[in-house]
Every structure is written in C-alpha cells, then in structure tokens.
Amino acid sequence: MAAASSSDSDSGRAESSEASSKWLDAHYDPMANIHTFSSCLALADLHGDGEYKLVVGDLGPSGQHPRLKVLKGPTVLTESPLPALPAAAATFLMEQHEPRTPALALASGPCVYVYKNLKPYFKFTLPQLPPNPLEQDLWNQVKEDRIDPLTLKEMLEVLCVCRFLQLELSEMEAFVSQHKSKSIKRQTVITTMTTLKKNLADEDAVSCLVLGTENKELLVLDPEAFTILAKMSLPSVPVFLEVSGQFDVEFRLAAACRNGNIYILRRDSKRPKYCIELSAQPVGLVRVHKVLVVGSNQDTLHGFTHKGKKLWTVQMPAAILTMNLLEQRSRSLQAVMAGLANGEVHIYHDKALLNVIRTPDVVTSLCFGRYGREDNTLIMTTRGGGLIIKILKRTAVFVEARGEAGPPPAQAMKLNVPRKTRLYVDQTLREREAGTAMHRTFQTDLYLLRLRAARAYVQALESSLNPVSVTAREPLKLHAVVQGLGPTFKLTLHLQNTSTARPILGLLVCFLYNEVLYALPRAFFKVPLLVPGLNYPLETFVESLSDKGISDIIKVLVLREGQSAPLLSAHINMPVSEGLEAT
C-alpha cells in the first residue's frame, strides 16, 4: 500500500508539473543522430503545401560524413551527403513568381548550395583570392626543375603552407610532379550566412543572401543572378551576423567577429560605422527589436543599441552554448533563448527571465517557429545527437519576473514642480540680456582664483610650509597625531623617508609654541638615521598651562644641520584641555 501511494504521488507530481508548464512534449528521440548548431537549422514550407519542414545541416558524428537532412515531423524525409562541413543554412524567396516556394541555401566550405523543391538548383562559389607571390614564384621554379622538393619544403615552411608540409618525404615528389603543372589557386571559405530583404519588409518578400568569409569580408548576393551586389571589409573574421532593413532602402548589419568585437555597418559603407568592444569572446548574437543581445564566454548576456551603448547585463548560471530568437507573433513577443551547459534553456525578454526549460541532455542548437502546422514549435538538438520537439501551449503567457527589468516605481511618480515666480522670470531675462558680461565676470574671477592658489602654493613650497618635501635630496613625509584629554597631551610625529635606496642622517626637529600656554620637555632634538620606507614615530608630551580653556597652534619644523631654512613644517591645532575645564 505504501509503495502504491508513493507511486501515485510521483505520478500526480509529474502531472501537476506538466500542467503548470507552458510547453507540450511533442517528441524526444535520444538516438536521432543529429549533430548540428543553431546556424544550421531552418524551418520553411519547401513544397508550398502549408507543411513546414525542418532543414538540418548535420555535421555528422565526430565531424565526419556531413549530410543535409530534411525532417517532416519526427522522421527524416530526405538525406543527401555534403562535400564539406556546413557553416549555415537559410531559406529565402528568390523571385515573385507563383508558386511562392522558398529556396534552401546551405553554406559549406567555399560554396553556397541552393536547392528548390529539395533538388539542386545552383552552386555559388566564392571568388578566388590572389595567390601569394612568393609561393607562386616557388612553384614556377619547381615547374622549371630549378629546386627540388626538399628545398621547396624548407621555403614553404616560412610561408606556412600546411597541406604540403603535412606530407611525408616519400610523398612529396609524387605531389610535386602531380601539381607543378597546375596553376596556384587560393580559396577562402564561408564562416556565417544570413538573409536580408531586397526591397520590401513583408514576410514573403524576396531576400538576398549575406555571407561572411574567412578573409574578413561580407558579401551580399543577388537572389536571382547570384552576383555580388555589395562587398564590405571587416577588421576580423565574422562568426555571427544579424541584419535589419532592406538592401535597396536602408539596412544595418551587425557582425560579431573572432577578435571579440561587434561591428555595425550601414548601407553604402565599405567599413564599419560603429564598434562594440566586448570583454570576452562572443558565443551568440540575436537581434530583439532594436537591441542586440550578445552572449559571451564569461557566462553573461549583454544588451546593446545599434550605436554600441550597453543597456544591461545578465549573469547566467552556466556557460552559454547556443542562442536563438523566440518570436511569438500572436502576442507580438520577441525573446532570446540561451542553451546552457547545465542542461537548461533560459528565455529572456531584455534582462527579465521569462521561462526555464530543463532538458535530459545539454542542448547544442535551438530553433523556434512554425513546424508542421503548429505555429509555435521549439526544436532542440542535444550533444549526444538527440532531437527534442516541444510545442508552446496556446494559452501560455510569459510573465516577467518581478523586479527583474524596467525602471524603478519612483521613476513613474510625477514631481511637484513649483510654478515660475516673478523673480525667476526677471532673473531669466537679466541672464539672457547680460549673459556675455556675466560670463566674462565669471571667467575673470576664476582666473584670479587660480592665480591666488598658484601664488599660495609657490609660497608654501618656498617656505617649506607643507608636510611633504618637494626636494629630491631629502624626500620626507611628516604627519602628527595628538592624543589625550589634557592637561597633558601625547604628541606623536610620524616621519618617513620616501626615497628608494638612500638613508637620511643629520636631521633636527624643532617645536615653536606659545610658552604661556604650553610646556614641552624637549623643544629641540635630533632625529636618528632614517632608513628608506620605514615609518619612525617620534613621541613627546605637551602640558597645557592655561586654565581658561584656550588652545593654540604648535609648529613643527624639520631642519638639516647647518641650515636655517626648514625642510618640512606642520601646524598642529591643539585641542582644548578638558582636564582643566573639569577642575
């Protein structure tokens, strides 16, 4: 009976947590064998039948055997091999003709493979870069048999040409004889890709492809002819891209690069207009309305404007592995999803935490949108190759945590600003009419103040009235402490040699005071050798002779033997003797 009751309570607890959750568990397959990132996931109606498919650029287990997979529901619809590891996947409309079926673009190596109706349609290859002139000269010498493969190896080591250097000595001759007659080609690769609307902001408008390359460039491709419409240069290699606007009208492009900076570019700008310097490497970039949300490898989320101003920062409980956008169009909600290393997915609106999803494995990619015929579907892949599909409930409402975001309540209170008085109006008119004369008077007084302060400072230096020595020969520092209630006070002088290596000898301390009010047992004594860096306390006693509650100043002078001008001086404001007052 006890076991039955415990099992009933566990099942009831699971049902209550399922009821309180905002998500429905649609599918979970830990053996789906999908290894990918968020940039390689895309949702689109590839056949125009209203059934949205999931496009996956699969890296394969251990980065081997990459494949392009298209999923319908939980099952794989088509699967085809890829010549290189995928960098990004995107769906876009190429033309306005009917039927309006989107094309699929997959960036892999130096190429962009375009599919229509899941059939190969076009292959765009990045333009070749000019070869290294030194390497070109070396291969020309090999072609003419002027140098041998071993000499070629030594010369290429300086140029860091990796593929030839990885060969064994026995394979070098065959490689050289096979390739020496061919022309040298230098090819870059694609690091990231996204889409940009061409001339309309509609959801079904024609879009251009924006490519980020390894040679620190951004390319905008024409959607029909696949020619390069614009080329922009960056100081570093882009890894994440976010765009807004239309290419023919006005657009902003944000590129997170490997040097830890985010560069903002606008239309007709060949170079970045703004730069956001991060304190750590970016691991994700998402645009939420007009805010750029950046995840860093210091387990933090940052919000920036398009001009680089930081708006907020949120500390995460674990490392951020992947990020993507959650857009619930029925409620006009845009939020950021962040997959963490502790097996959780956090959803944020600005810096307010909306929801936490716990998964059985660490999530490596996220994608939210219409899947099948459900509008709000969350698709996640895990580190072990699993596939998780969740559906947002139609009744789910994301509520921001209290106190997480927004201005304080006091900011909304209306201030009781007093009405303008007649005196205020008259003073404003006077300042408006005599503003130039008032400014000149203020400047004159300011210059006089600076002059008097400079004269007083010079006089203090010349008469050694300051407690810190200004000469390099005797670098000293002095301060005094008075202790006691009276009539006898303990006076402690702290004298320090501030030089680095030279001791000071032959110093004297002299006290100047009113002999009617005070009496000192020693008003003049020698100072021992001062070792650099040590603080020497010199103690003496001061007896107050007045019974009228009068206090005065005692001057302390530090002198050099044989010199009348003091090196340092300090004025001590003696307290009133409370002992005499009590008597």
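Reading guide: rules and limits
- Residues numbered from 1 in each chain as written.
- Predicted model: local features only at pLDDT ≥ 70, side-chain atom pairs only at ≥ 80, totals over all residues.
- Heavy atoms only, no water.
- UniProt positions renumbered as here; feature names shortened; annotations may be inferred.
- Helix = DSSP H or I, 4+ residues; strand = E, 2+ residues; numbered from the N terminus.
- Buried < 20%, exposed > 50% of the residue type's maximum accessible area, 1.4 Å probe, protein only.
- Contact = heavy atoms within 4.5 Å.
- Areas by Shrake-Rupley, 256 points an atom, 1.4 Å probe, with all protein chains shown as cover.
- Pairing = 2+ DSSP bridges.
- Axes fitted to C-alpha atoms, helices over the stretch in contact; angles between N-to-C directions.
- Patch = residues over 30% accessible without salt bridge, like charges linked within 9 Å, V, L, I, M, F, W, Y side chains within 5 Å.
- Salt bridge = Lys/Arg side-chain N within 4 Å of Asp/Glu carboxyl O.
- Lys, Arg positive; Asp, Glu negative; His and termini not counted.
- Charge placed at Lys NZ, Arg CZ, Asp CG, Glu CD.
- Phe/Tyr/Trp six-rings, centres within 6.5 Å; stacked < 30°, edge-to-face > 60°.
- Core = buried A, V, L, I, M, F, W, Y, C linked by side-chain atoms within 4.5 Å.
- pLDDT = per-residue confidence, 0-100.

Where an unreviewed UniProt entry is consulted, the chain appears under the name BBSome complex member BBS1, with the organism given as Canis lupus dingo. Recorded under Subunit (unreviewed entry), the UniProt text for the chain is reproduced unchanged: "Part of BBSome complex, that contains BBS1, BBS2, BBS4, BBS5, BBS7, BBS8/TTC8, BBS9 and BBIP10. Interacts with the C-terminus of RAB3IP. Interacts with CCDC28B and ALDOB. Interacts with PKD1."

**What about the overall build of the chain?**
A tally of regular secondary structure across the chain gives 8 helices and 36 strands. A buried classification covers 42% of the 583 residues belonging to the chain. Counted over contacts in the chain with a minimum sequence separation of 6, partners at least 24 positions apart contribute 48%. If you sum the accessible surface of the chain, you get close to 32500 Å²; carbon and sulfur atoms cover 53% of it.

**Remarks on the environment of leucine 241**
Locating leucine 241 in the fold gives a position in strand β14 (residues 238-246). Judged by its relative accessible area of 7%, leucine 241 falls in the buried class. In this structure the C-alpha to C-alpha distance between leucine 241 and glycine 212, which are 29 residues apart in sequence, comes to 7.9 Å. In this structure leucine 241 touches Thr192, Thr194, Val210, Leu211, Gly212, Leu218, Leu253, Ala254, Ala255 and Leu285, once residues within four positions along its chain are discounted.

**Re the sheet that holds strand β35 (residues 553-560)**
In a beta sheet, neighbouring strands pair by backbone hydrogen bonds and run either parallel or antiparallel. One open sheet holds the 4 strands; their spatial order is β33-β31-β35-β36, and the pairing between them is antiparallel. Edge positions in the open sheet fall to β33 (524-527) and β36 (568-573), since each of these has one partner strand only. Between one strand axis and the next, the sheet turns through 20 degrees on average, direction left out of account. Here strand β31 (residues 507-512) runs beside β33; their pairing, made up of 4 bridges, is antiparallel. The partner of leucine 507 across the bridge, within β33, is valine 527.

**Quick word on a positive patch on the surface**
Where like charges cluster on the molecular surface, the positive patch consists of Arg252, Lys273, Lys290 and Lys307. You can see lysine 273 is positioned in the loop between β16 (261-266) and β17 (274-277).

**Description of the environment of leucine 476**
Summarising the element assignment, leucine 476 is placed in strand β29 (residues 476-483). Distance in space between the C-alpha atoms of leucine 476 and asparagine 497 is 4.9 Å, their sequence separation being 21 residues.

**Examining the pairing of strand β21 (residues 310-315)**
The pairing of strand β20 (residues 300-304) with β21 spans 5 bridges and is classified as antiparallel. Across the sheet, threonine 300 pairs through a bridge with glutamine 315, a residue of β21. Hairpin connection between β20 and β21: a loop of 5 residues separates the two successive antiparallel strands, and glycine 308 in this loop has a positive phi of roughly 95 degrees.

**Structural notes on the sheet that holds strand β8 (residues 111-116)**
Taken together, the 4 strands give an open sheet; going across it, the order is β6-β7-β8-β9, and neighbouring strands pair in antiparallel fashion. Each edge of the sheet is formed by a strand with only one pairing partner; in this case those strands are β6 (86-92) and β9 (119-125). Taking the axes of each pair of neighbouring strands and ignoring which way they run, one obtains an average angle of 20 degrees across the sheet. Where β6 and strand β7 (residues 103-108) come together, 6 bridges link them in antiparallel fashion. Bridge assignment links phenylalanine 92 to a residue of β7, and that residue is alanine 103.

**Here we look at the pattern of salt bridges**
Note that side chains of opposite charge can pair when their charged atoms are close. Considering all chains together, one arrives at 17 salt bridges under this definition. Residue aspartate 49 pairs with lysine 53 through a salt bridge whose shortest N-O separation is 3.8 Å. Overall, aspartate 49 belongs to the partly exposed group, its relative accessible area being 42%. By relative accessible area, lysine 53 is classed as buried at 2%.

**Overview of a nonpolar patch on the surface**
The grouping of Leu505, Leu529, Val531 and Leu534 at the surface amounts to a nonpolar patch, some 350 Å² of accessible area in total. Positionally, leucine 529 belongs in the loop between β33 and β34 (535-544).

**A closer look at the environment of leucine 285**
As for its placement among the helices and strands, leucine 285 is situated in strand β18 (residues 282-288). Leucine 285 gets classed as buried once you look at its relative accessible area, which sits at 7%. Separated by 39 residues in the primary sequence, leucine 285 and asparagine 324 place their C-alpha atoms 7.8 Å from one another. Aside from chain neighbours lying at most four places away, what touches leucine 285 is Phe240, Leu241, Glu242, Ala254, Ala256, Ile262, Leu292, Val293 and Val294.

**Some details on unusual backbone geometry**
Of note in this structure, leucine 118 is not a glycine but carries a positive phi near 60 degrees. With respect to the secondary-structure elements, leucine 118 resides in the loop between β8 and β9.

**Side note on the packing of aromatic side chains**
Taken as a whole, this structure holds 5 aromatic pairs when the rule is applied. Geometrically, the ring pair formed by tryptophan 23 and phenylalanine 368 is edge-to-face, given 6.3 Å between the ring centres and 90 degrees between the ring planes. Pair noted here: tryptophan 23 is in strand β1 (residues 23-29) and phenylalanine 368 is in strand β26 (residues 363-371), with a separation of 345 residues, a long-range link. Just as tryptophan 23 is buried, phenylalanine 368 falls in that class too. With 4.7 Å between their ring centres and 10 degrees between their planes, phenylalanine 122 and phenylalanine 226 make a pair best called stacked. Of the two residues, phenylalanine 122 is situated in strand β9 and phenylalanine 226 in the loop between β12 (217-221) and β13 (228-233); the sequence distance between them amounts to 104 residues.

**Regarding the nonpolar core**
Core analysis: the largest hydrophobic core is formed by 27 residues, its most contacted members being Leu493 and Phe511. By residue number, the principal contributor to this core is strand β30 (residues 488-497), which donates 4 residues. If near-sequence neighbours (up to four positions away) are discounted, phenylalanine 511 is found in contact with Leu491, Leu493, Leu520, Arg522, Ala523, Phe525, Thr540, Ile554, Lys555 and Val556.

**Notes on the pairing of β16**
For β16, a buried count of 5 out of 6 residues is recorded, marking the element as mostly surrounded by other parts of the structure. Judged from the 5 bridges that link them, strand β15 (residues 250-257) and β16 form a sheet pairing that is antiparallel. Among the inter-strand pairings, leucine 253 is bridged to a residue of β16, identified as leucine 265. The hairpin formed by β15 and β16 contains 3 residues between the paired strands, and glycine 260 there has a positive phi angle of roughly 85 degrees.

**Some words on the confidence of the model for the chain**
Any segment with low pLDDT has predicted coordinates that should not be analysed in fine detail. Of all residues in the chain, 82% attain a pLDDT of 70 or more, and the chain-wide mean is 81. The low-confidence segment residues 1-19 (pLDDT under 50) makes 5 contacts with residues lying over four places distant or belonging to another chain.

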